[in-house]
Amino acid sequence: MIESPDRTPLPRNFFERPVLEVAPDLLGRTLVRLTDDGPIELRLTEVEAYAGEADPGSHAFRGRTARNAVMFGPPGHAYVYFTYGMWHCLNLVCGPEGHASGVLLRAGEIRMGHELARKRRLSARHDRELAKGPARLATALDVDRTLDGTDACAGPESPLAVLTGTPVPTDQVRTGPRTGVSGDGATHPWRFWIDGDPTVSPYRAHVPRRRRT
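Parameters at a glance
- Residues numbered from 1 in each chain as written.
- Predicted model: local features only at pLDDT ≥ 70, side-chain atom pairs only at ≥ 80, totals over all residues.
- Heavy atoms only, no water.
- Phe/Tyr/Trp six-rings, centres within 6.5 Å; stacked < 30°, edge-to-face > 60°.
- Buried < 20%, exposed > 50% of the residue type's maximum accessible area, 1.4 Å probe, protein only.
- Lys NZ or Arg CZ within 6 Å of the ring centre and 35° of its normal.
- Patch = residues over 30% accessible without salt bridge, like charges linked within 9 Å, V, L, I, M, F, W, Y side chains within 5 Å.
- Areas by Shrake-Rupley, 256 points an atom, 1.4 Å probe, with all protein chains shown as cover.
- Salt bridge = Lys/Arg side-chain N within 4 Å of Asp/Glu carboxyl O.
- Helix = DSSP H or I, 4+ residues; strand = E, 2+ residues; numbered from the N terminus.
- Contact = heavy atoms within 4.5 Å.

Inspection of the entire model under this criterion finds 2 aromatic pairs. Consider the rings of Phe14 and Phe15, whose centres lie 5.1 Å apart with planes at 75°: the pair is edge-to-face. Note on Tyr79 and Tyr81: the rings are 5.6 Å apart at their centroids and 40° apart in plane angle, and the pair reads as tilted. Judged on exposure class, the residue Tyr79 and its partner Tyr81 are both buried. The ring of Phe14 has Arg17 lying over it, and the distance from NZ or CZ to the ring centre is 4.6 Å. Its guanidinium or amino end placed over the ring of Trp193, Arg191 lies 4.3 Å from that ring's centre, counting from NZ or CZ.

This is the structure we're talking about:
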């Protein structure tokens, strides 16, 4: 049986490139999540690039830790982190091994497994809101820290995979500052999204959190 070109898994060398090449090239690709209840598929519509130790906005800016160790490993693996004591976020590691960089998956359109995503996103008023934002995306796809380090290039049995999908023409890609990033990395135009897509999340500048007294 001949597989459709858009169902072909992306090879590892796709991810073994500079993060600012990989990030916009992920738009329009298909992310497949195999859950215990069945598959969920999502078309990526919004991402953010993080350039590791060269990027003040990156978790790896100050070097390797137990939390970010996956970012320093082989490209094509998932980096999952827990934030604000409530949410998980999903990233794909890219660049050469040993040089931490990754792409945060910020938003997407659920194409398969809507009923499974809805069970996890009961507050979503419309299907376009199921994965509109990185925490919502991870929640809809049942992503948590157990998937940290998962090889997204391992083949059809992997719980995470990225398929070729339909790449977005460059004239439909928009770029701007990353959401919620503070300090020297706040102005980097490293957020990429598909122009006019209703699943793209709204931009929000960083707001300092108040200290508890």
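Resuming the write-up.
Right, let's talk about a nonpolar patch on the surface for a bit. Together, Tyr84, Met86 and Trp87 make up a nonpolar patch on the protein surface, roughly 370 Å² of accessible area in all. Considering the arrangement of structural elements, one finds Met86 in the loop between strand S3 (78-83) and strand S4 (87-93). Met86 gets classed as exposed once you look at its relative accessible area, which sits at 53%.

Moving on: unusual backbone geometry. If you check the backbone angles, Asp142 has positive phi at about 60° while not being a glycine. For Asp142, the location among the structural elements is in the loop between helix H4 (134-140) and strand S6 (160-163).

Okay, the environment of Gly76 next. Relative to the assigned elements, Gly76 resides in the loop between strand S2 (38-50) and S3. When its relative accessible area of 0% is taken as the criterion, Gly76 is described as buried. Remark: the alpha-carbon pair of Gly76 and Leu92, spanning 16 residues in sequence, is separated by 6.1 Å. Sequence-distant contacts of Gly76, defined by excluding residues within four places in its chain, comprise Arg12, Phe15, Val93, Thr150, Asp151, Ala152 and Cys153.

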